[in-house]
Amino acid sequence: MTNPALDAFVQRVTRFLDRYEQQLPSPPPSVDWTGTWAARWMAKGDSGWLRPLTVSLDMRLDDLRGVDRQKALLAANTRQFVRGLPANNALLWGARGTGKSSLVRALLAEHRSAGLRLIEVDKADLVHLPALIECIAGAPWRFLLFCDDLAFEADDSAYKTLKTVLDGTVEAAPENLLLYATSNRRHLLPEQRSDNLGASMVDGELHPGEAIEEKIALSDRFGLWVSFYPFTQDQYLEVVQHWLATLGERHGMQCEWTDTLAREAVRWALGRGNRNGRCAYQFARDHLGRMLLEREVPSSS
């Protein structure tokens, strides 16, 4: 014998559950590292998930000029890591626009066929490293954990978490994971004149104060420091020539290097207050773009 009231209640509950299930978020996609070169860690509560990224790997090591020493240092460290040999976490610090992030992308392009993969992570999400490790546990790939523009403010205590992540955790980082970070600051924290007030003289030797020691302790966790410096004018113009030739070849355009073009490139840099690789690349794109436009739309006589 049926119960109409009970049947109606069951139907209402079923409809409610159907609507509720439709509103639930879709499960995060799994990453197929066979054809995915990079992913980004997306924090969610105390955990997170990896979102596959579509990345352009047209940046080559030869495209980076004026940073030969820096390339050699990081390239050697990366080769060691890819081959399963001991390697260090690396801090790339120094002048902006000199190729720090581009160098990491170029190394990914160089070694992706050997199993190198990249995971981008925001500094605030480094606390989720244990959850991230679970996502790549047992994977046969070599992962670069890449944190771009890493820096902390004076009242930001998150840097203590990073110190623990890099060195001193009970659970050691897996052998297939390495951290590369870029920053404009050598010690990742703003340095104030007041930091020196805590310094003291002991037996004729200067001992830094606790504030300085705390800031140095963070960058010390990186086994490899790679320093980038502002370009000289000759280095800047060399990069301009390289990109004019490289981009011109891609578009079937040859740019003749002249003193007039060199002066234009210098004025471009002076107008932006930057003389670096990024500025050289931007000038080359602007100049080449205007040349290509003039070729497609000739000026009327």
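Everything discussed here concerns the structure shown above.
Here's what I pulled together on the structure shown here. (Residues numbered from 1 in each chain as written. Predicted model: local features only at pLDDT ≥ 70, side-chain atom pairs only at ≥ 80, totals over all residues. Heavy atoms only, no water.)

On a plain count of helices and strands, the chain comes out with nine helices and nine strands. Residue burial in the chain is summarised as follows: out of 301 residues, 41% are buried. Across the chain, the fraction of contacts at a sequence separation of at least 24, relative to all contacts at a separation of at least 6, is 77%. Put simply, the chain shows about 18,000 Å² of open surface, and 50% of that area lies on carbon and sulfur atoms. (Helix = DSSP H or I, 4+ residues; strand = E, 2+ residues; numbered from the N terminus. Buried < 20%, exposed > 50% of the residue type's maximum accessible area, 1.4 Å probe, protein only. Contact = heavy atoms within 4.5 Å. Areas by Shrake-Rupley, 256 points an atom, 1.4 Å probe, with all protein chains shown as cover.)

Whenever strands of a sheet pair, they do so through backbone hydrogen bonds, lying parallel or antiparallel. Reading across from one edge, β2-β1-β4-β5-β6-β3-β9 is the order of the seven strands in this open sheet, with mixed pairing throughout. Each having just a single partner strand, β2 (47-53) and β9 (224-228) make up the two edges of the open sheet. Between one strand axis and the next, the sheet turns through 25 degrees on average, direction left out of account. Across seven bridges, strand β1 (residues 38-44) lies against β2 in antiparallel orientation. Across the sheet, residue M42 finds its bridge partner in β2, namely W49. Contacts from helix α2 (residues 68-82) reach β3 (90-94), β4 (116-120), β5 (142-147), β6 (177-183) and β9, with the element oriented near 150 degrees to β9. (Pairing = 2+ DSSP bridges. Axes fitted to C-alpha atoms, helices over the stretch in contact; angles between N-to-C directions.)

Here we take up the packing of helix α7 (residues 233-250) against helix α8 (residues 259-272). The geometry of α7 relative to α8 is characterised by a closest axis approach of 11 Å and an angle of 115 degrees between their N-to-C directions. For the element pair α7 / α8, the angle class is roughly perpendicular. In terms of crossing hand, the pair formed by α7 and α8 is right-handed. Two secondary-structure elements touch here, α7 through Q233, Y236, L237, V240 and L244 and α8 through L261, A262, A265, V266, W268 and A269. For the contact of α7 with α8, the class distribution of residues is 10 nonpolar, one polar and no charged. (Parallel < 35°, antiparallel > 145°, perpendicular 65-115°, else oblique. Left-handed = near helix turned anticlockwise from the far one by under 90°. Nonpolar A, V, L, I, M, F, W, Y, C, P; charged D, E, K, R; others polar.)

Before going further, it helps to examine the side chain of S183. As for its position among the elements, S183 is in strand β6. Separated by 2.6 Å, the side chain of S183 and the backbone oxygen of L150 make a polar contact. (Polar contact = N/O pair within 3.5 Å; in protein donor to acceptor, adjacent residues only side chain to side chain.)

Turning our eyes to something else, we now look at helix α4 (residues 129-136). Within α4 the residues assigned to the buried category are L129, A131, L132, I133 and I136. In the stretch just after α4, G138 is the one whose phi turns positive, near 80 degrees.

A positive phi is found at D149, a non-glycine position, where the angle reads about 55 degrees. Within the secondary structure, D149 is located in the loop between β5 and α5 (158-166).

Among the five residues in β3, five count as buried, and that is most of the element. Of the two faces of β3, the one lined by A90, L92 and G94 and the one lined by L91 and W93 are each fully buried. The pairing of β3 with β6 spans four bridges and is parallel. In the sheet register, L92 faces β6, and the bridge partner there is T182.

This part is about the nonpolar core. Core analysis: the biggest nonpolar cluster contains 50 residues, and L74, L92, L103, Y180 and Y236 have the highest contact counts within it. Among the elements that take part in this core, α7 stands out by supplying seven residues, more than any other. Beyond its immediate chain neighbours, meaning those up to four positions away, L92 contacts L74, K100, L103, V104, A181, T182, S183, V226 and F228. Formed by 24 residues, the second largest nonpolar core is a distinct cluster that contains W41, L50, L145 and F222. (Core = buried A, V, L, I, M, F, W, Y, C linked by side-chain atoms within 4.5 Å.)

Attention now moves to the packing of aromatic side chains. In the structure shown here, the tally under the stated rule is three aromatic pairs. A centroid spacing of 5.7 Å and a plane angle of 65 degrees characterise the contact between W268 and F283, whose relative ring orientation is edge-to-face. Highlighted residues: W268 in helix α8 and F283 in helix α9 (residues 277-296), separated in sequence by 15 residues. Among the residues examined, W268 registers a relative accessible area of 17% and is labelled buried. A relative accessible area of 2% means that F283 is categorised as buried. Here the guanidinium or amino end of R112 rests over the ring plane of W37, the centre of that ring lying 5.7 Å away. Above the face of the W268 ring, R272 is positioned so that its terminal group lies 3.4 Å from the ring centre. (Phe/Tyr/Trp six-rings, centres within 6.5 Å; stacked < 30°, edge-to-face > 60°. Lys NZ or Arg CZ within 6 Å of the ring centre and 35° of its normal.)

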